[in-house]
Amino acid sequence: RLEIARAKAIMNGGWNTQAPPPADSDEVDPADDDQALDEEQAFDSAETDSADPGKASASASTSASASDADAGTDSADSPVLATDAAAAARPLNDTFYIKSDIVPPMCLTEPVILGIDEAGRGAAMGPMTYGAAYWATSINKEMVALNFDDSKAMTDEKRAELFRRLKLEKRIGWMVKLISAKEISQKMLRRSPVSLNAISHDCAMELVSEALKDGVQVTKVYVDTVGDPEMYQKKLFSAFHGKIEFVVEKKADATYRTVSAASICAKVLRDLEVEKWRFTEPGCDFPLNFGSGYPSDPRTVEWMRQHKHNVFGFTNIMRFSWQPVKTLLKETAEVADVEWSDDEEEEPAYAQGLTKITALWQPKPKAVAKDGRPAKKARLGPFKERNLQLVEGF
């Protein structure tokens, strides 16, 4: 039920996928035990929030600003929508969006196909990026001729060149969401964890919703699957009320050119983010020679061993929810072990003196006679009325 609520709320622009609010915020932290209730309330109030233009956030581009005003997103809670020019002004190492400066005019009036793919899903370091690319169905053959291909099968130089050509092609729209390692860790390490699959699904729905808010006439979406393709496809179809056709397949980035283009956007921007990484923690001016950032890369593992902190473990470039990271911290003697104990909950004033609900199923203490022996049970009414006695011998 919550998965459906999450999907529909994202489609309506009412779901907050950013990291938890700051400590001085009055909002409820969804990591609490009441997370499920909070999520349902967020979904129930999505339509009300979206109708309030006063919550609209400023955006780096005119189209993004207009769409934010319609959706009523709050800049304090949502990732910043940014163009290339404004990306540098964003907070370092946080989740953010970047997208093409304009929506291709023909995508506002003609049926559009859109592809979605990710990069950095299995990395232990840096963000996971989700990219989307779209164009009008009527020019699909021309776009296919541009030879977009699976970004993972290209050299860095070829991938960068194709991304440059994609940005210059004004008939193509694109957007990328960079989900920070910090946000991934926060969500996956909650008391009620959000799985990486759920984070990925949410992000894909956000990208489609963002295109729709920009006025793009999306009619068909191709997605490189995360998890079971059939279940994922049904989830997306239901989230958008059956108004958009979804094709979810394995290796879609090698089959559909819109997905290939999305893959290029996601991969190039993730690589740029990691290559230009700036450590924000004091005294952590570490070299960036950590290789690909994947646990299978020996350079990554060696970098992790050399640049761990004895108290905090690692900087926020690391995904603390990844098992290789947990294992390294656990096995390293120099890193201090920390045990977190929940604070004992105080009984609220309104509940003091009242019987707790748990008392309803707790066994009652056995009665004890004055001499310390167990007291005899009271006889049942019919036995007392008829003066019936227990006879043990004849």
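Residues numbered from 1 in each chain as written. Predicted model: local features only at pLDDT ≥ 70, side-chain atom pairs only at ≥ 80, totals over all residues. Heavy atoms only, no water.

Some words on the overall build of the protein
Right, so step 1: For the protein, the count of helices and strands is 13 helices and seven strands.
Right, so step 2: The proportion of buried residues among the 394 residues of the protein is 42%.
Right, so step 3: Taking as baseline every contact in the protein between residues at least 6 positions apart, the subset at least 24 positions apart corresponds to 70%.
Right, so step 4: Total accessible area computed for the protein in this model is approximately 22500 Å², and 53% of it derives from carbon and sulfur atoms. (Helix = DSSP H or I, 4+ residues; strand = E, 2+ residues; numbered from the N terminus. Buried < 20%, exposed > 50% of the residue type's maximum accessible area, 1.4 Å probe, protein only. Contact = heavy atoms within 4.5 Å. Areas by Shrake-Rupley, 256 points an atom, 1.4 Å probe, with all protein chains shown as cover.)

A look at helix α10 (residues 257-275)
Right, so step 1: The end-to-end C-alpha separation of α10 is 27 Å, in line with the 27 Å expected for 19 residues at 1.5 Å each.
Right, so step 2: Burial analysis of α10 places 15 of its 19 residues in the buried class, which makes it a mostly covered element. (Expected span 1.5 Å × (residues − 1).)

Side note on the nonpolar core
Right, so step 1: In this structure, L114, I116 and V221 are the most contacted members of the largest nonpolar core, which totals 51 residues.
Right, so step 2: Of the residues forming this core, the biggest block, nine residues, is contributed by helix α8 (residues 196-213).
Right, so step 3: Look past the residues within four positions of I116 in its chain and what remains in contact with it is Y130, G131, A132, A204, L207, V208, V221, Y222, V223, D224, V259 and A262.
Right, so step 4: Core analysis: the second largest hydrophobic core is formed by 27 residues, Y222, V247, A252 and V259 among them. (Core = buried A, V, L, I, M, F, W, Y, C linked by side-chain atoms within 4.5 Å.)

Quick look at the pattern of salt bridges
Right, so step 1: Summed over all chains, the structure comprises 13 salt bridges.
Right, so step 2: Here K213 ties to E210 by a salt bridge, and the two come within 3.5 Å at their closest N and O atoms. With K213 and E210 both in helix α8 and three residues apart, the pair spans about one turn of that helix.
Right, so step 3: Judged by relative accessible area, K213 falls into the partly exposed class, the value being 26%.
Right, so step 4: Salt bridges sharing common partners tie together D156, R159, K267 and D271. (Salt bridge = Lys/Arg side-chain N within 4 Å of Asp/Glu carboxyl O.)

Concerning the packing of aromatic side chains
Right, so step 1: According to the stated counting rule, one finds nine aromatic pairs in the structure shown.
Right, so step 2: Measuring from ring centre to ring centre gives 5.5 Å for F163 and W174, while their planes differ by 70°; the resulting arrangement is edge-to-face. Taken together, the residues span a long stretch of sequence, with F163 in helix α6 (residues 156-168) and W174 in strand β5 (residues 173-179) at a distance of eleven residues.
Right, so step 3: Chaining the aromatic ring pairs together yields one cluster made of F279, F286, F290 and W303.
Right, so step 4: Its guanidinium or amino end placed over the ring of W322, R319 lies 4.9 Å from that ring's centre, counting from NZ or CZ. (Phe/Tyr/Trp six-rings, centres within 6.5 Å; stacked < 30°, edge-to-face > 60°. Lys NZ or Arg CZ within 6 Å of the ring centre and 35° of its normal.)

Looking at the environment of F148
Right, so step 1: Its place among the elements puts F148 in the loop between α5 (140-144) and α6.
Right, so step 2: With relative accessibility at 2%, the residue F148 sits in the buried group.
Right, so step 3: Each C-alpha atom, one on F148 and one on A262, is 9.4 Å from the other, the two residues being 114 residues apart in sequence.
Right, so step 4: Setting aside chain neighbours within four positions, we find F148 in contact with W135, M143, L162, L166, I172, R257, S260, A261 and I264.

Some words on the packing of α8 against helix α9 (residues 229-239)
Right, so step 1: At their nearest, the axes of α8 and α9 sit 11 Å apart, and the two run at 40° to each other. Relative to α9, the element α8 lies oblique. The hand of the α8/α9 crossing is right-handed. Contacts between α8 and α9 involve S200, H201, A204 and M205 from the first element and Y232, K235, L236 and A239 from the second.
Right, so step 2: For the contact of α8 with α9, the class distribution of residues is five nonpolar, two polar and one charged. (Axes fitted to C-alpha atoms, helices over the stretch in contact; angles between N-to-C directions. Parallel < 35°, antiparallel > 145°, perpendicular 65-115°, else oblique. Left-handed = near helix turned anticlockwise from the far one by under 90°. Nonpolar A, V, L, I, M, F, W, Y, C, P; charged D, E, K, R; others polar.)

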